[in-house]
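Descriptive analysis of the structure
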Amino acid sequence: MFCPQCKSEYQEGVVICCDCNIPLVSALKCEPKLEVADFEEILITNNEADIAIIKSLFDSEGIVYYFLGEHFAFPIRLMVNKDQADEARELLKDLIASSLDNNNSDENSKETEEK
Ligand SMILES: [Zn+2]
């Protein structure tokens, strides 16, 4: 795997360049822009606990994801492989609902109670 930006080589299984925070491509000959476009923003969070939960959840479900801005500053944007975006949103539903519950949203807590 290669980073399209800094050209670093990574071993199989690594999906993100830890320097550039962008998805790796299997070969530099590939169009790196297409690879990047295959990721979709799912969530923006500034909650470190949420991020830890998301990581373990997605790791166990085999979802390809990365966090944009993780090593820099909050808020962090969760990017997921477009093919898995719907699946990822499903997985995050409960997490997002409970996280909103804890914060303030009346609308969302109402929706959750009805289920
Ligand atoms: Zn890089």
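Basis of the calculations
- Residues numbered from 1 in each chain as written.
- Predicted model: local features only at pLDDT ≥ 70, side-chain atom pairs only at ≥ 80, totals over all residues.
- Helix = DSSP H or I, 4+ residues; strand = E, 2+ residues; numbered from the N terminus.
- Contact = placed C-beta atoms within 7 Å.
- pLDDT = per-residue confidence, 0-100.
- Pairing = 2+ DSSP bridges.
- Core = buried A, V, L, I, M, F, W, Y, C linked by C-beta atoms within 7 Å.
- Buried ≥ 20, exposed ≤ 12 C-beta atoms within 10 Å, placed from the backbone.
- Axes fitted to C-alpha atoms, helices over the stretch in contact; angles between N-to-C directions.

What follows is about the overall build of the chain. Along its length, the chain carries four helices and three strands. Taken from N to C terminus, the helices and strands of the chain fall in the order α-β-α-β-β-α-α. Sequence-distant contacts, at least 24 apart, represent 46% of the contacts inside the chain between residues at least 6 apart.

This part is about the confidence of the model for the chain. Residue-level pLDDT values for the chain average 79, and 74% of them are 70 or greater. Across the chain, strand β3 (residues 76-81) holds the top mean pLDDT of 91, while helix α4 (residues 106-114) sits lowest at 50.

This part covers the pairing of β3. Side chains on a regular strand alternate between the two faces of the sheet. As defined by bridge partners, strand β1 (residues 39-45) adjoins β3 across six bridges and the pair is classed as antiparallel. Bridge pairing links F39 to N81 in β3. Pairing geometry for strand β2 (residues 65-68) and β3, over four bridges, is antiparallel. Paired with F67 across the strands is L78, a residue of β3.

One finds F39, I42, L43, I54, F58, Y65, I76, L78, M79, V80, A88 and L92 forming the largest nonpolar core, which totals 12 residues. If you list the elements that add at least two residues to this core, you get β1, α2 (48-61), β3 and α3 (85-103). Of the residues forming this core, the biggest block, four residues, is contributed by β3. Setting aside residues no more than four positions away along its own chain, L92 makes contact with I42, L43 and I54. Core analysis: the next-biggest nonpolar cluster, separate from the first, contains six residues, C3, C17, L24 and V25 among them.

Reading across from one edge, β1-β3-β2 is the order of the three strands in this open sheet, with antiparallel pairing throughout. Looking at strand neighbours, the two that pair on one side only are β1 and β2, the edges of this open sheet. Put simply, the sheet's adjacent strands are angled 25° from each other on average, direction ignored.

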